[in-house]
Amino acid sequence: MNIIGTAGHVDHGKTLLIKALSGIDTDRLPEEKKRGLTIDLGFAHFRNDEGDEIGIVDVPGHERFIRNMVAGAWGIDLALLVVAADDGWMFQTGNHLTVLKAMGIESLIAVITKTDAVEPQQTEEVIEDVQLRLLEETGREHPVIGVSSLKGENIAELKRLISKTLKTINRDQDRKTNIPVLHIDRAFNIRGAGLVVTGSLREGTVQKNDSLLLLPNHSIIRVRGIQSYDAESDSVVPSCRAALNIIGADASDVKRGCCLTTTESDFTAETEVIIELIGSSEGIRNHSEAEFAAGTAHSLGSIHFLKNPSGFRPSGLAPPELPPRARVSMNEAMPLRHGQPIVIIRKGGSLITGSGRVIWKGNTAKNERISIASSLKTDRQSLELAVNGWTRDNERWHFDDKKRVEFENRIVDLASSAGGVKSEELKGLIGLPAAALKQLIIDLISSGKVTDKNNILTSGKTSESTLSKAAAQILKETELAGKAGLDIAKKKIPGANKDLRILTRAGLIVPLTETLFMTEKVYTELCSVILKGLKKGDTFDIAQAKERTGLSRKYIIPILNKMEERKIVKREENLRRVL
């Protein structure tokens, strides 16, 4: 399935062309019919000779509605650049071509309309002019065809050309994942059904009863019903136009510019990004206000070119070998992903001053922006390695070599301290995402640099020599106490709780109760005595444990409780079962 869209100057016959292709009049607003021009997006579809549905997005041509044009252009596979034979190439034709290039839409057909209104020679001259301009602007040739929408001349040929051209497009290259992505271009209520949103589904599959994430407000909605090309459906696949009946969000929060995806998506709601500009940046003033459009969203904001350590700034603000990069700060959050095209529009006007693509999402510190400005690579993983020292793919976390050594040394140092360190305490000490930290710890355990006992990390560097004088004294007294254990309540040692915690983490003593402690060695020996001759699944009672160890109930109950805590045994009424 595919979606095509029109582009071109106002009153060049885009809407009439779509009606000739599909039989559908896309001017739906009363004002559009009154004024005879398209103001908002219109939608239609037709079936080609092979029976495939092809969706059509009709965009407004007037310069005042350039934001609507951008919102419609993001989701199309193929553009029909419409040029009227009686007018030829106009300013807005070039402006719309700029939008198509900015949105990464490389496939287009130039359609010369109103051929019935001029002599054939003029049509040929316009065709030749359009071919030359397209070659100059895009660097390659594109098909050009003349039609008369009023008389239906060459409409069938155009349909065949559309189908032929669509077959040459590698749409999978643009589909980054199998996760649904639908930028909303319309939202409205239908009596008896509720809230309905429409958009172009470019990635993934949406099914009835799916739960989706609504950005930028992070609501979870449910798809109650689906319609595509006037037909009810249980699911829709890309690329197609879709109408979704949704529940779970306040209607006031759902509008053009929102995005439906899932929590696994790389789309996030952002108010600040760094972009790499495409083409000339001469029309953009540094630290100026502008309007930014991406997907179906747009927001006012400001743009700030990044200064490179070399001192160059393009147009003077970047090294000659690197395209200019800039920090974009937006007044409203927009759903964005890495690589997302962004169009820059002059504030309060309709002139497109530039375009770029997102290379970094989120707020950045000055030193981070320097790293981004000077990086020769712009893929997400390379930039994350340069800025954070870590990144991830679908399977593993990857670390910059220097940063990895720093992270590992810090973990080993903490694990080497008296009593070691709890795994969860490292989260606030190392400055890594939890999953990345977990992978590093696993790698360190595998290499033997640290050990994990009951979520306490220690290293080979940890020894009794690292203990404080008070902790060493407590350990010595606990060793002397043997099976009787040390009742710390009777000792009244200042600051004992801290030293007991360190000794416990270091695996040197075992707390049986809040006040009773035993050395790990003695505790382990007693466990062995209790379990001698028993195998997994066997049971024993308290009396047997007392008899084997020669200990009273005062000691046996805490020992058995600790064995259960460590999942050595499981209590079953008055029995303990060996695990």
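How each quantity is defined
Residues numbered from 1 in each chain as written. Predicted model: local features only at pLDDT ≥ 70, side-chain atom pairs only at ≥ 80, totals over all residues. Heavy atoms only, no water. Helix = DSSP H or I, 4+ residues; strand = E, 2+ residues; numbered from the N terminus. Buried < 20%, exposed > 50% of the residue type's maximum accessible area, 1.4 Å probe, protein only. Polar contact = N/O pair within 3.5 Å; in protein donor to acceptor, adjacent residues only side chain to side chain. Contact = heavy atoms within 4.5 Å. Core = buried A, V, L, I, M, F, W, Y, C linked by side-chain atoms within 4.5 Å. Pairing = 2+ DSSP bridges. Right-handed = clockwise from strand over helix to strand, strands pointing away. pLDDT = per-residue confidence, 0-100.

(A) Quick look at the side chain of E276. For E276, the location among the structural elements is in strand 16 (residues 268-278). When its relative accessible area of 9% is taken as the criterion, E276 is described as buried. A polar side-chain atom of E276 sits 3.0 Å from a polar atom in the side chain of R325. In this structure E276 touches P323, P324, R325, S355, G356, R357, I359 and T378, once residues within four positions along its chain are discounted.

(B) View of the nonpolar core. Counting 54 residues, the largest nonpolar core has L100, V130, L244 and L260 as its most contacted members. Formed by 21 residues, the second largest nonpolar core is a distinct cluster that contains V522, I559, V569 and V578.

(C) Spotlight on the pairing of strand 5 (residues 108-113). Counting buried positions over the 6 residues of strand 5 gives 6, a clear majority of the element. With burial as the criterion, each face of strand 5 is covered, one bearing L108, A110 and I112 and the other bearing I109, V111 and T113. Relative to strand 5, strand 4 (residues 78-84) runs parallel, the two sharing 6 bridges. Counted as the bridge partner of L81 is A110 from strand 5. Handedness of the β-α-β unit built from strand 4, helix 4 (residues 91-102) and strand 5 comes out right-handed. Relative to strand 6 (residues 144-146), strand 5 runs parallel, the two sharing 3 bridges. Paired with V111 across the bridge in strand 6 is I145. For the segment spanning strand 5, helix 5 (residues 120-138) and strand 6, crossover handedness is right-handed.

(D) Main features of the sheet that holds strand 25 (residues 450-453). Strand order in the open sheet made by the 3 strands is 24-26-25, with antiparallel pairing throughout. Each having just a single partner strand, strand 24 (421-422) and strand 25 make up the two edges of the open sheet. Examined bridge by bridge, strand 24 and strand 26 (residues 456-459) share 2 bridges and lie antiparallel to one another. Paired with V421 across the two strands is L457, which belongs to strand 26.

(E) Summary view of the confidence of the model for the protein. A residue-level look at the protein finds 91% of positions with pLDDT of 70 or above and a mean pLDDT of 85. Low pLDDT, under 50, characterises residues 28-40; the stretch is placed with 31 contacts to residues that sit more than four places away or in other chains. Taken as a whole, residues 311-319 scores under 50 in pLDDT and shows 18 contacts with residues more than four places along the chain or in a different chain.

(F) Just unusual backbone geometry, in detail. Residue P216 is reached from L215 by a cis peptide bond, and omega for that bond is 15°. Its place among the elements puts P216 in the loop between strand 10 (211-215) and strand 11 (219-228). Look at the link from P238 to S239: it is a cis peptide, with omega at -10°. Mapping S239 onto the fold places it in the loop between strand 13 (235-236) and strand 14 (240-247). Phi at D11 takes a positive value of approximately 65°, unusual for a residue other than glycine. Looking at the element boundaries, D11 is found in the loop between strand 1 (2-8) and helix 1 (14-22). Looking at D11, the relative accessible area reads 57%, which means it is exposed. For N154, which is not glycine, the phi torsion reads 70° and is therefore positive.

(G) Focus on the environment of Q92. You can see Q92 is positioned in helix 4. A relative accessible area of 1% places Q92 in the buried class. Put simply, Q92 and V10 are 82 residues apart on the chain and 7.5 Å apart in space, counted from C-alpha to C-alpha.

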